[in-house]
Each structure stands twice: as structure tokens, then as C-alpha cells.
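# Residue-level structure breakdown
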Amino acid sequence: MPNQKIAVVLFNLGGPDSPEAVRPFLFNLFNDPAIIRIPGLFRTPLAHLLAKRRAKPAGEIYEILGGKSPLLENTQAQARAIESALADMGEVKAFIAMRYWHPMSDETADQVRRFDPDRVVLLPLYPQFSTTTTASSEKMWFQAAKAAGLDKPTVTVCCYPTEPGFIKAAARLIRSGVAEAAAHGKPRVLFSSHGLPKKVVKGGDPYQWQCERTAEAIVQELDMPGLDWVSCYQSRVGPLEWIGPSTDSEIERAGADKVPLVVVPIAFVSEHSETLVEIEVEYRELAHEKGVPHFVRVPTVGVEDSFIQGLAGLVRRALAGEVAMCSQAGGRICPDGFQGCPQRARQQTSRQSPVGGQQAKRPLAAE
Ligand SMILES: C=CC1=C(C)c2cc3[nH]c(cc4nc(cc5[nH]c(cc1n2)c(C)c5CCC(=O)O)C(CCC(=O)O)=C4C)c(C)c3C=C
Ligand SMILES: [Fe+2]
Ligand SMILES: [Fe+2]
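Residues numbered from 1 in each chain as written. Chains lettered and ligands numbered in written order. Predicted model: local features only at pLDDT ≥ 70, side-chain atom pairs only at ≥ 80, totals over all residues.

## Considering the overall build of the chain
Assigned secondary structure in the chain consists of 11 helices and 9 strands. Relative to its full complement of 367 residues, the chain shows a buried share of 51%. Counting contacts in the chain only where the partners sit at least 6 residues apart, residues at least 24 apart contribute 80% of the total. (Helix = DSSP H or I, 4+ residues; strand = E, 2+ residues; numbered from the N terminus. Buried ≥ 20, exposed ≤ 12 C-beta atoms within 10 Å, placed from the backbone. Contact = placed C-beta atoms within 7 Å.)

Structure follows, in C-alpha cells:
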């Protein structure tokens, strides 16, 4: 239907926009029942405590980035690019709803109501579905939309772990990383995703399964026979056991094997603390310490044309109702058909290194 008024709402995590925002941002994160799965009566005081303890180490991370996260600016650039890619559809406006820092769902739902669209598409900037990210954002959005009196037909893109434009963009960026590393030996590619506590995955969360599908699809697209690669997990916080192998343990193994590394973030689609500090600074230093001969960090897909065209295609397909419904989540669209569906993802598979172990934990507080 041409010339519709469409609101595309981009979901992302959000990040502090000043040093003062670090602690309240962390409080919002730890107070999310999708992150800390205990009743609110206990969770809220615990979230205050954890935010207080984590504020110092997290603040130091954001200090390296000038006191704030660049996630909002990078997401704004993606919003403008998506609007341009969908300009032929009519009046399309992309909004941003962050989960833990501004602009959050309540502010955005109000803006969307004032825009008065015919339809709303919720588009997570998380290629892989997790209850801790996509589902949490979606739940918050529907609460906020109801409170704002926004009652427009809405469809949610579920996930796109193997979306061809996303895979193509990542592969393009990796090729030059592999070429650079190859001057120092036979490179190993680490597909590094944000980790999750094991019990979340055991509870049926499809995230790990989908991260592995993303890594496999990129390897297939790269078409580099004999490529040495592994799927691993970064950013562990807290005392729980997290999924592995950890990115740290894989860096250590590469040091022992004396192979150059190409580290590729596949669960983040723009730059922020986990890419610019954790990978670029901390893992680079660890690699140096462990004797890795060369370390390359591949940038996130950001506003790469094929990625943006891929996202625009998901919006078109969601509006056309062309894609398979995700049977687990009423009303949510699963663009990969059954391939990336949470329902199917219970079959845990794995491409895990035999040496993969526990991730070195990031302390919740300055220890
Ligand atoms: C793929 C995306 C993400 C998943 C899954 C996820 C789960 C998850 N995260 C924490 C704890 C923290 N995450 C933090 C930062 C952070 N997390 C993501 C993405 C995912 N998190 C992003 C994009 C960011 C960076 C935000 C920015 O810098 O702009 C932090 C804060 C930073 C720090 O203190 O180091 C914490 C804490 C848990 C516990 C969890 C799953 C249960
Ligand atoms: Fe996180
Ligand atoms: Fe699905």
C-alpha cells in the first residue's frame, strides 16, 4: 500500500550519556526482571546495590569513551539510513526506543503517537533474539504504548540471525581483517557475541543457537576453504556461570597456538563500550600479553549499505505480512521463517572449541 505513514521503532539497549548517568543506567539494567530473575521486592534493592558497586568499573570504561556511550549517536545514524532506504514507501519515520537509558519507550511512544502513523514496525537492533534483549524491549514498548494511548496496528520483527544483507556486510568487513592478519600467519576468526548466563539458555532462550547460525552463515558467505574460526562469548558479569567458550579463553588459546586473531562482534550492530573498549582495548591488551602475533578488531556493520538494505527489507516484509509468524510469540514476525525461530532453537547445537571454558568474570564492583 503506497504512501502510508509508517513508524519504525528501533530497539537497542541504550548507554549512559554522561558520567552521572552511569549509575542510574546500571540500576535500570539490573532492575530488569529479564536480567535479574527474582521478584521485584528483592530485585529492586539488589539492583540499587549492584548499580552502586558496578558504577566505578563501568564509569572507568565510559571514561575511555569521553564519559558517555556513543550508542545513541550510532543508532541515530542507522535510523536516518533506514528512513532513506524506505523513502519510496511514503512517509516513513524511524524512532529509537532504548531499554535502559534515554530515549526510553515512554518518551518514544509519545513521539510516535504525535506522529500519528497508520502502522508501526518494531525493529530490534539485535540480530539474534534473546529474552534479555528483544523480548524485554518489546514488553516495555507495549506497556509504554498503552500508557501513551498509542493504539496502531503494530508488528515486531523477531530476529534476523542469517539475514543476507547483514551477513554480506559482516563478511565484507571481515575479508579485509583476514587479509591484514594473514601477513602474520594463518589467522583464526573469533566470532564474539555478548554472553548470557547458562541458566537463561537452559530456560529455552534461543540466543546462543542463533549466534552460532550467524557465525556459520558468515563463514559460508566468506567462502574461504580451510578457514580457522570459532564462535565465542564476551562481557561476562556477576557470579553466575555463563555460556562459553569465552572470548578470553580463545585469546589465550590463540596465544598458545601462535596464530593471529581477527575478532568479529556479531551480536552488536554498532559501536559502543563492548566493541570500543572491551574488544579494542582490553582484548587487544590480553592478546598482546598472551603472545598472539597480531590482533585485528573488525568493526560492526553500522550503516553498511547491505545491512541497511537488509533491515529495510525486513520492514517491507513485515508490513506485507510475507514472512512466517513466529509460533512462540503471538504477533511477532520471524523473518527467517523457521530457521531462526526461538521455537526451533531449543535444539542446542554447537560449534564450540573443545578447550572452551568459563569466561573470566568481569567484577560487578571494583574488586
Ligand atoms: C546482544 C546483546 C546483549 C545481551 C544478550 C546482553 C545481556 C546482558 N548484559 C548484562 C550486563 C551488562 N551489559 C552491559 C552493557 C551492554 N550490554 C549490551 C548488549 C547485550 N547485553 C550492550 C550493547 C551494552 C553496552 C551499552 C553501551 O556501552 O552503550 C553492562 C554495562 C557495562 C558494564 O558495566 O560493563 C552490563 C552490566 C547481563 C547481566 C546480561 C544478561 C543476563
Ligand atoms: Fe549487556
Ligand atoms: Fe521466530
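Structure's up, so let's keep going.
## Comments concerning the UniProt feature "binding site: Fe(2+)" (unreviewed entry) in the chain
Sequence positions flagged by UniProt for "binding site: Fe(2+)" (unreviewed entry) are, in local numbering, His194 and Glu274. Across 81 residues in sequence, these annotated residues keep their C-alpha atoms within 8.2 Å of one another, forming a single compact spot. Mapped onto the elements, histidine 194 comes out in strand S5 (residues 188–194). Excluding its chain neighbours within four sequence positions, the residues that come into contact with histidine 194 are Gln234, Ser235, Ala267 and Glu274. In this fold, glutamate 274 is placed in helix H10 (residues 273–289). (UniProt positions renumbered as here; feature names shortened; annotations may be inferred.)

## Focus on H10
The largest bend in H10 comes to about 30 degrees, at isoleucine 279. Among the residues of H10, those classed as buried are Ser273, Glu274, Thr275, Glu278, Ile279, Tyr283 and Ala287. Among the structural elements, helix H2 (40–64), S5, strand S6 (228–234), helix H9 (247–257), strand S7 (261–265) and strand S8 (295–297) are those in contact with the buried residues of H10. Positive phi appears at glycine 291, one or two residues downstream of H10, with a value of about 85 degrees. (Bend = angle between axes of the 7 residues up to and from the residue.)

## Focus: helix H8 (residues 207–222)
Under the 1.5 Å per step criterion, the end-to-end length of H8 is 23 Å for 16 residues, consistent within 8% with the ideal 22 Å. Of the residues making up H8, those classed as buried are Tyr207, Gln208, Trp209, Gln210, Cys211, Glu212, Arg213, Thr214, Ala215, Ala217 and Ile218. Among the structural elements, helix H6 (164–181), S5, helix H7 (198–202) and S6 are those in contact with the buried residues of H8. Downstream of H8 by one or two residues, aspartate 223 has phi in the positive range, about 50 degrees. (Expected span 1.5 Å × (residues − 1).)

## Quick word on the packing of H6 against helix H11 (residues 305–320)
Following both chains from N to C, one finds H6 and H11 inclined at 170 degrees, their axes separated by 7 Å at the closest point. When the interaxial angle is binned, H6 and H11 end up roughly antiparallel. Taking contact as the criterion, the partners of Pro164, Gly165, Phe166, Lys168 and Ala169 in H6 are, on H11, Ser306, Phe307, Gln309, Gly310 and Gly313. Taken together, the residues of the contact of H6 with H11 break down into 4 nonpolar, 5 polar and 1 charged. (Axes fitted to C-alpha atoms, helices over the stretch in contact; angles between N-to-C directions. Parallel < 35°, antiparallel > 145°, perpendicular 65-115°, else oblique. Nonpolar A, V, L, I, M, F, W, Y, C, P; charged D, E, K, R; others polar.)

## Observations regarding the nonpolar core
Nonpolar side chains in soluble globular proteins tend to be buried together. Judged by nonpolar contacts, the single largest core of 100 residues is most densely connected at Val8, Val9, Val121 and Leu261. Inspection of this core shows a minimum of three residues originating in each of domain 1 (4–161 + 305–344) and domain 2 (164–297). If we skip the residues at most four places from it in the chain, valine 9 touches Phe95, Ala97, Thr108, Val112, Val120, Leu122, Leu123 and Trp141. (Core = buried A, V, L, I, M, F, W, Y, C linked by C-beta atoms within 7 Å. Domains from an automatic or database assignment.)

## Some thoughts on the site of ligand 1
As a matter of local geometry, ligand 1 sits amid 25 residues, with Gly15, Ala58, Ser69, His272 and Ser273 nearest to it. Those elements giving two or more residues to the shell around ligand 1 turn out to be H2 and H10. Of all the elements, H2 adds the most residues to the shell around ligand 1, at 3 residues. In the shell around ligand 1, the residues fall into 14 nonpolar, 9 polar and 2 charged. (Near = placed C-beta within 6 Å.)

## Details of the pairing of S6
Buried residues dominate S6, accounting for 6 of its 7 residues. Strand direction decides the pairing type here: S5 and S6, joined by 7 bridges, are parallel. Bridge pairing in S6 places arginine 188 opposite aspartate 228. (Pairing = 2+ DSSP bridges.)

## Considerations on the sheet that holds S5
The 4 strands lie next to each other as S6-S5-S7-S8, forming an open sheet whose pairing is parallel. Looking at which strands have only one partner, the edges of the open sheet turn out to be S6 and S8. Ignoring strand direction, the axes of neighbouring strands in this sheet form an average angle of 25 degrees. Looking at chain direction, S5 and S7 are connected through 5 bridges and run parallel. Within S7, the residue paired with leucine 190 across the bridge is valine 263.

## Observations concerning the domain arrangement of the chain
How big an interface is tends to be expressed through the accessible area that disappears when the partners come together. Along its sequence, the chain is organised into domain 1 (4–161 + 305–344) and domain 2 (164–297). A C-alpha centroid distance of 24 Å is found between domain 1 and domain 2. Each side of the interface is counted separately: domain 1 has 28 residues, and domain 2 has 23 residues. Considering every element that reaches the side of domain 1 that touches domain 2, the biggest residue donor is H11, with 5 residues. For the side of domain 1 that touches domain 2, the class distribution of residues is 14 nonpolar, 14 polar and no charged.

## Re the pairing of strand S1 (residues 4–12)
With 7 of 9 residues buried, S1 is to be regarded as a mostly interior element. Of the strand pairs in this sheet, S1 and strand S2 (residues 90–98) are connected by 9 bridges, and their pairing is parallel. Counted as the bridge partner of isoleucine 6 is valine 92 from S2. Of the pairings in the sheet, the one linking S1 to strand S3 (residues 119–124) comprises 6 bridges and is parallel in character. By the bridge assignment, leucine 10 is partnered in S3 with leucine 123.

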